[in-house]
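Observations on chain architecture
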Amino acid sequence: GAGVSQSPSNKVTEKGKDVELRCDPISGHTALYWYRQSLGQGLEFLIYFQGNSAPDKSGLPSDRFSAERTGGSVSTLTIQRTQQEDSAVYLCASAGGPWDTDTQYFGPGTRLTVL
Amino acid sequence: TQLLEQSPQFLSIQEGENLTVYCNSSSVFSSLQWYRQEPGEGPVLLVTVVTGGEVKKLKRLTFQFGDARKDSSLHITAAQPGDTGLYLCAGGRGSGNTGKLIFGQGTTLQVKP
């Protein structure tokens, strides 16, 4: 079946603009995660959704960052008033399929460049 | 604070050589995962270890979880150019998919033919 998809694949924006990044998880997965990755580095956790529970927002770096997950499926990560330090690859992962609950499946990421 | 320290951060070797990547922490994890990531793609899970002292083998790759569940290693035997990529360890605190993963900073491996 289809994997995790993210859009856009690349986004270039000017400092101060708002951006929205989209994640389409694997159908039926109950959990969805957002991570941020700087060039050649490890992943930094941002936010985690599990079913209908309140999301774990403990990794969001500032109140300029927010995310929602509509209908338990698609998620949107919004960054307001972007700064140059927001430039990174934003990765989404989903997990919780019926036969493989432990594995997080990652999308290809959105590369965000803030000029 | 980097909870998971990976070493080395960069490794360039010749085809056929062996190598070991280390992932260390002062914290205990309920599970430890290793991922491999290629440019322009998301990480792909290689293995999950959950029991202290556990050893898992995946072809030429051997993964070990420390007895105290604070550290792990990845050993590659007879590396091949196709092994080139970014290797990431990640620690989990919950069971299953019940929580976030804490990632190390990654080891970039280059295997030259």
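Residues numbered from 1 in each chain as written. Chains lettered and ligands numbered in written order. Predicted model: local features only at pLDDT ≥ 70, side-chain atom pairs only at ≥ 80, totals over all residues. Heavy atoms only, no water.

1. Some thoughts on the interface of chain B and chain A
In this assembly, 20 residues from chain B lie in contact with 24 residues from chain A. Summed over the shared surface of chain B and chain A, the result is zero salt bridges. Put simply, chain B and chain A have four residue pairs in polar contact (both at pLDDT 80 or more) between them. Those elements that place two or more of their residues in the side of chain B that touches chain A are strand E4 (31-37), strand E9 (85-92) and strand E10 (101-103) of chain B. Considered class by class, the residues forming the side of chain B that touches chain A number seven nonpolar, 11 polar and two charged. (Contact = heavy atoms within 4.5 Å. Salt bridge = Lys/Arg side-chain N within 4 Å of Asp/Glu carboxyl O. Polar contact = N/O pair within 3.5 Å; in protein donor to acceptor, adjacent residues only side chain to side chain. Helix = DSSP H or I, 4+ residues; strand = E, 2+ residues; numbered from the N terminus. Nonpolar A, V, L, I, M, F, W, Y, C, P; charged D, E, K, R; others polar.)

2. Some remarks on the pairing of strand E7 (residues 75-79) of chain A
Residues and elements named next belong to chain A. Summarising burial for E7: five of the five residues are buried, a large majority. The pairing of strand E3 (residues 19-24) with E7 spans five bridges and is antiparallel. Bridge assignment links Val19 to a residue of E7, and that residue is Ile79. With five bridges joining them, strand E6 (residues 65-69) and E7 adopt antiparallel strand pairing. Each bridged residue has a counterpart across the sheet, and for Arg69 the counterpart in E7 is Ser75. (Buried < 20%, exposed > 50% of the residue type's maximum accessible area, 1.4 Å probe, protein only. Pairing = 2+ DSSP bridges.)

3. Comments concerning the state of the cysteines
As enumerated under the stated definition, the model contains two disulfides over all chains in all. Two residues, Cys23 of chain A and Cys92 of chain A, share a disulfide whose sulfurs are 1.8 Å apart. The chirality of the disulfide connecting Cys23 of chain A with Cys92 of chain A is left-handed, given an S-S dihedral of about -60°. With Cys23 of chain A in strand E3 and Cys92 of chain A in strand E8 (residues 88-95), the pair connects residues that are 69 residues apart, well separated along the chain. Taken as a pair, Cys23 of chain A and Cys92 of chain A share a single burial class, namely buried. Covalently, Cys23 of chain B is tied to Cys89 of chain B through a disulfide, its sulfur atoms 2.0 Å apart. When the S-S torsion is 75°, as for the bridge of Cys23 of chain B with Cys89 of chain B, the disulfide is right-handed. Of this pair, Cys23 of chain B sits in strand E3 (residues 19-24) while Cys89 of chain B sits in strand E9, and the two are 66 residues apart along the sequence. You'll find Cys23 of chain B and Cys89 of chain B in the same group, each marked buried. (Disulfide = S-S within 2.5 Å.)

4. Some thoughts on the pattern of salt bridges
Pairs can form between side chains of opposite charge whenever their charged atoms are close. All names here are of chain A. What the rule picks out here adds up to six salt bridges over all chains. The salt bridge involving Arg22 is made with Asp24; its shortest N-O contact spans 2.7 Å. Residue Arg22 is classed as partly exposed on the basis of its relative accessible area, which comes to 37%.

5. Concerning the nonpolar core
In this structure, Ile13, Leu19, Leu32, Trp34, Leu74, Ile76 and Leu109 of chain B are the most contacted members of the largest nonpolar core, which totals 22 residues. Those elements giving two or more residues to this core turn out to be strand E2 (10-14), E3, E4, strand E5 (44-49), strand E7 (61-65), strand E8 (71-76), E9 and strand E11 (107-112) of chain B. (Core = buried A, V, L, I, M, F, W, Y, C linked by side-chain atoms within 4.5 Å.)

6. Describing the packing of aromatic side chains
According to the stated counting rule, one finds nine aromatic pairs over all chains in the structure shown. Arranged with centres 6.1 Å apart and planes meeting at 70°, the rings of Tyr35 of chain A and Phe45 of chain A form a pair that is edge-to-face. With a gap of 10 residues between them, Tyr35 of chain A in strand E4 (residues 31-37) and Phe45 of chain A in strand E5 (residues 43-50) connect regions that are remote in the sequence. Per residue, the accessibility class of Tyr35 of chain A equals that of Phe45 of chain A, and both read buried. Judged by centre distance (5.6 Å) and plane angle (90°), the ring pair of Phe106 of chain A and Tyr35 of chain B falls under edge-to-face. Of the two residues, Phe106 of chain A sits in strand E9 (residues 105-106) while Tyr35 of chain B sits in strand E4, which places them in two different chains. Taken individually, Phe106 of chain A and Tyr35 of chain B each receive the classification buried, so the pair is uniform in this respect. (Phe/Tyr/Trp six-rings, centres within 6.5 Å; stacked < 30°, edge-to-face > 60°.)

7. Quick look at the sheet that holds E3 of chain B
Residue and element names in this part refer to chain B. Judged by pairing direction, the sheet is antiparallel, and its five strands sit side by side in the order E1-E3-E8-E7-E6 without closing on themselves. The open sheet has two edge strands, strand E1 (5-7) and strand E6 (55-58), and neither has a second partner. Averaged over all neighbouring strand pairs, the angle between strand axes comes to 15°, with direction disregarded. (Axes fitted to C-alpha atoms, helices over the stretch in contact; angles between N-to-C directions.)

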